[in-house]
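Descriptive analysis of the structure
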Amino acid sequence: YHVQAKGFLQSTKVFVNDLLDIRTDSDRESTLEAVRKDISFKGHNAWILIFSIFVASIGLNVSSTAVIIGAMLISPLMGPIVGVGMSVAINDVLTLRKSFINLGLMVGLSVLTAYIYFLVSPVKEETPELIARTYPTILDVLVAIFGGLALIVAKTKKGTIASVIFGVAIATALMPPLCTVGYGLAMGEWHYYAGAFYLFSINAVFIALSTFLVAKFLRFPMVKYANSKRRRFVTQMASLIALVVMIPSLYLFYILYKEQVFTSATKDYVTRVIRYEGAEVVKFSQDYKSKRIDVYLIGALVPKAKIEEWYTQLT
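Residues numbered from 1 in each chain as written. Predicted model: local features only at pLDDT ≥ 70, side-chain atom pairs only at ≥ 80, totals over all residues. Heavy atoms only, no water.

Overview of the overall build of the protein
Stated precisely, the cut-off is as follows: Each helix corresponds to a stretch of at least 4 residues labelled H or I by DSSP, and each strand to a stretch of at least 2 residues labelled E; elements are numbered beginning at the N terminus. For each residue, the accessible area found with a 1.4 Å probe, counting protein chains only, is set against the maximum for its type, and the residue is called buried under 20%, exposed over 50%, and partly exposed in between. Contacts were defined at the residue level, with two residues in contact if any of their heavy atoms lie within 4.5 Å. Accessible surface is estimated by sampling points in the Shrake-Rupley manner with a 1.4 Å probe; for residues, cover comes only from the protein chains shown.
When you go through the protein residue by residue, the secondary structure sums to 12 helices and two strands. Counting helices and strands in the order they occur from the N terminus, the protein gives α-α-α-α-α-α-α-α-α-α-α-β-β-α. Residues counted as buried form 39% of the 315 residues belonging to the protein. Of all intrachain contacts in the protein linking residues separated by at least 6 positions in sequence, the fraction that spans at least 24 positions is 77%. For the protein, the exposed surface amounts to about 18200 Å²; the carbon and sulfur share of it is 66%.

Comments concerning the confidence of the model for the protein
Test applied: Here pLDDT means the predictor's own confidence in every residue, given as a number from 0 to 100.
Mean pLDDT over the protein stands at 80; residues scoring 70 or higher make up 86%. Across the protein, element-level confidence peaks in strand E2 (residues 292-299) with a mean pLDDT of 92 and bottoms out in helix H1 (residues 2-20) with 70.

Notes on the environment of Val 261
Mapped onto the fold, Val 261 is located in helix H11 (residues 228-273). Using a relative accessible area of 42% as the deciding quantity, one classes Val 261 as partly exposed. When the C-alpha atoms of Val 261 and Tyr 288 are compared, they prove to be 9.9 Å apart, with 27 residues separating the residues in sequence.

Side note on the pattern of salt bridges
The line we're drawing: Salt bridges are counted wherever a side-chain nitrogen of Lys or Arg sits within 4 Å of a carboxyl oxygen of Asp or Glu.
Enumeration over the complete set of coordinates arrives at four salt bridges. Close ionic contact of Asp 92 with Arg 36 constitutes a salt bridge, the shortest N to O distance being 2.9 Å. Placement of the pair is Asp 92 in the loop between helix H5 (79-90) and helix H6 (93-120) and Arg 36 in helix H2 (residues 28-39), with a sequence separation of 56 residues. Residue Arg 272 is joined to Asp 268 by a salt bridge in which the shortest nitrogen-to-oxygen separation is 3.4 Å. Separated by four residues within a single helix, Arg 272 and Asp 268 lie in helix H11, roughly one turn from each other.

What about H5?
Note the following rule: Take the residue count of a helix, subtract one, and multiply by 1.5 Å to get its expected span.
With 12 residues, H5 extends 16 Å between its outermost C-alpha atoms, agreeing within 8% with the 16 Å of an ideal straight helix rising 1.5 Å per residue. Counted residue by residue, H5 has 12 buried out of 12 residues, so it is predominantly covered. Among the residues making up H5, those that are buried are Gly 79, Pro 80, Ile 81, Val 82, Gly 83, Val 84, Gly 85, Met 86, Ser 87, Val 88, Ala 89 and Ile 90. Taken from the residues just after H5, Asn 91 is the one with a positive phi, measuring 65°.

Focus: the packing of aromatic side chains
Applicable threshold: By convention, a stacked pair of Phe, Tyr or Trp rings (six-membered ring in the case of Trp) has centres within 6.5 Å and planes under 30 degrees apart, an edge-to-face pair has planes over 60 apart, and any other such pair is tilted.
Counted by the stated rule, this structure contains seven aromatic pairs. Ring centres of Phe 262 and Tyr 288 lie 5.7 Å apart, and the angle between their planes is 65°; this geometry places the pair in the edge-to-face category. With Phe 262 in helix H11 and Tyr 288 in the loop between strand E1 (279-287) and E2, this pair connects stretches of sequence that are 26 residues apart. One aromatic cluster in this structure is built from Phe 54, Tyr 117, Phe 118, Tyr 183 and Tyr 192.

Here you go:
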């Protein structure tokens, strides 16, 4: 029995390794070449971005999820962000500099396009799709992480996978926030564009971080420098950048997670506990920072004893 169990465990281990192994089927050289090629942001890519931002802005403007997804399918947003993650992982300073420059151009062009659209658009009201992009939640971060991981794993595979797959992974997290930044600027609503840009920044960081982690896991070859002093300096700088990005990102993830848990617990508490014959909950709101819950009821007056009972169940 012992021999059979050992054999079964061994064969299961081999099966799982074969199923989940991505190292043997990864083409590192082609991936690096593809990443570097996608960083440049001019000509066709610039025009495709402008048109896709217009489509996404229209989708946000009319609160149409289908139109927003359509814009994501044609968006070339992923190049510079993946370039940042990859160049930090392999100590490539030139690629890192080029990635940051192109990322700045990409963000500037996207925001300008969205700003022009919302400035001339006859429909100005806030839609649920726009409001949803004004502050990050744990779900946004999870989409960025797993989208980024799917993107870089797909890119490293030998052979070609349609670039549309990568585009959707990135655009899901990046396009709507950039359009919302343009909306906030056009409407003069600073908290909208500040919140949306914050959301975009967080998503970009987590996508770059996903790329960095996969590149390290797949042991991508480090860029070699003839000057050993320069090599050591570049390695130290790349490690520092990775650390500076990773620590605040993990802290932010924890904070957003705690906030999401608080919000879910509040909804559950109000639905389950705040009940009284003849009174109805009209609406409620919660503030994570002050841990305050405001509940509005209509109907019969709730006695103090009942309210005290609700308070005791707040734990």
